Amino acid sequence: MDIKTQVQTRPSHRRIFKFVFLIGFGICINLALLFFLEWVASYGLNKYGYFTAMTPNLKEIHNSFEFSTTVQISSQGIRNDEVTIPKPKDTYRILALGDSFTFGFGVKLEDTWVKLLEKQLLVSGKKIEVINAGKTGASLTNVRLICKAYKDRFAIDAFIIGS
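Residues numbered from 1 in each chain as written. Predicted model: local features only at pLDDT ≥ 70, side-chain atom pairs only at ≥ 80, totals over all residues. Heavy atoms only, no water.

A.B. asks: Can you help me understand the overall build of the protein in this one?
C.D. replies: Within the protein one finds five helices and five strands. Ordered by position from the N terminus, the helices and strands of the protein form the series α-α-β-β-β-α-α-β-α-β. Each of the 163 residues in the protein was classed as buried or not, and the buried ones make up 29%. Long-range contacts, defined here as pairs at least 24 residues apart, represent 66% of the contacts in the protein between residues at least 6 apart. (Helix = DSSP H or I, 4+ residues; strand = E, 2+ residues; numbered from the N terminus. Buried < 20%, exposed > 50% of the residue type's maximum accessible area, 1.4 Å probe, protein only. Contact = heavy atoms within 4.5 Å.)

A.B. asks: Could you clarify how one ought to interpret the sheet that holds strand β4 (residues 127–132) in this entry?
C.D. replies: Strands in a sheet are paired, the pairing made by backbone hydrogen bonds, and the direction either parallel or antiparallel. Read across the sheet, three strands follow the order β4-β3-β5 without closing on themselves; strand pairing throughout is parallel. Of all the strands in the sheet, just β4 and β5 (158–162) have a single pairing partner and so form its edges. If you compare each strand with its neighbour and ignore which way they point, the axes differ by 25 degrees on average. In terms of strand pairing, strand β3 (residues 91–98) meets β5 through five bridges, oriented parallel. (Pairing = 2+ DSSP bridges. Axes fitted to C-alpha atoms, helices over the stretch in contact; angles between N-to-C directions.)

A.B. asks: What is the right way to look at the nonpolar core in this model?
C.D. replies: In a soluble, globular protein the nonpolar side chains are often hidden away together inside. Of all hydrophobic cores here, the largest spans 19 residues; its most connected members are Ile78, Leu95, Leu97, Ile131, Tyr150 and Phe154. At the level of secondary structure, the elements contributing two or more residues to this core comprise β3 and α5 (140–150). When residues of this core are assigned to their parent elements, the largest contribution, five residues, is made by α5. Sequence-distant contacts of leucine 95, defined by excluding residues within four places in its chain, comprise Ile131, Ala133, Cys147, Tyr150, Ile156, Ala158, Phe159 and Ile160. Ile94, Ala96, Ile128 and Val130 belong to the second-largest nonpolar core, a separate cluster that totals five residues. (Core = buried A, V, L, I, M, F, W, Y, C linked by side-chain atoms within 4.5 Å.)

A.B. asks: Even after reading the chapter, I still don't get the confidence of the model for the protein, so can you show me in this structure?
C.D. replies: Caution is warranted with low-pLDDT regions, since their predicted coordinates should not be read in detail. When pLDDT is averaged across the protein, the result is 84; 86% of the residues are at 70 or more. Confidence scores differ between elements of the protein, with helix α1 (residues 3–9) showing the lowest mean pLDDT of 55 and β3 the highest of 92. (pLDDT = per-residue confidence, 0-100.)

A.B. asks: Help me out: how do you make sense of the pairing of β3 in this one?
C.D. replies: Within a regular beta strand, the side chains point alternately toward one face of the sheet and then the other, so they alternate between its two faces. Counted residue by residue, β3 has seven buried out of eight residues, so it is predominantly covered. Looking at chain direction, β3 and β4 are connected through six bridges and run parallel. From the neighbouring strand, alanine 96 faces β4, where its bridge partner is asparagine 132.

A.B. asks: Is there a simple way to explain α5 in this structure?
C.D. replies: Each α-helix winds once per 3.6 residues, and so residues spaced three or four apart point in a common direction. Buried within α5 we find Val143, Ile146, Cys147, Ala149 and Tyr150. Considered in projection along α5, the buried side chains sweep an arc of 160 degrees and stay on one side of the axis. (Arc of directions from axis to C-beta.)

A.B. asks: Any chance you could explain the pattern of salt bridges here in plain terms?
C.D. replies: Side chains that differ in sign of charge can pair as their charged atoms come close. As enumerated under the stated definition, the model contains six salt bridges in all. Measuring nitrogen to oxygen at the nearest pair gives 2.6 Å for the salt bridge that ties arginine 93 to glutamate 129. Pair noted here: arginine 93 is in strand β3 and glutamate 129 is in strand β4, with a separation of 36 residues, a long-range link. On the basis of relative accessibility, which here comes to 0%, the residue arginine 93 falls in the buried class. (Salt bridge = Lys/Arg side-chain N within 4 Å of Asp/Glu carboxyl O.)

This is the structure in structure tokens:
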């Protein structure tokens, strides 16, 4: 076998680079497509109220040696009274997001910092609603998903992230 034949049978660096580039490009296109499909699906499902922070209409009793509290989750999947949809014109809405501190683990709904803040806020001519969308054990990813699920549904004007 002569040298010319040997050189032709080995893959060139160009061919290897082209192969690796095409594989990488294919992976990037597939990831972009998956992100786009996730965005479209979540937009559609959120529009129809599919996602909730917690199980709707859930009633639990939290007991420990320090407290005993009954927790009621609304039909909208939040620890809050039912939120009026569509938002009244004279209302300013704040969505409170976070973990068990925001949720108010161990205290009555009216004693959570969310509802205490709502009582303290005054804006001339507007009713202020602070909506409790806290979830026990929520991570930043959970907070992002909860925010995404409720921001348009409740026509939120501002957000507070507590931890």
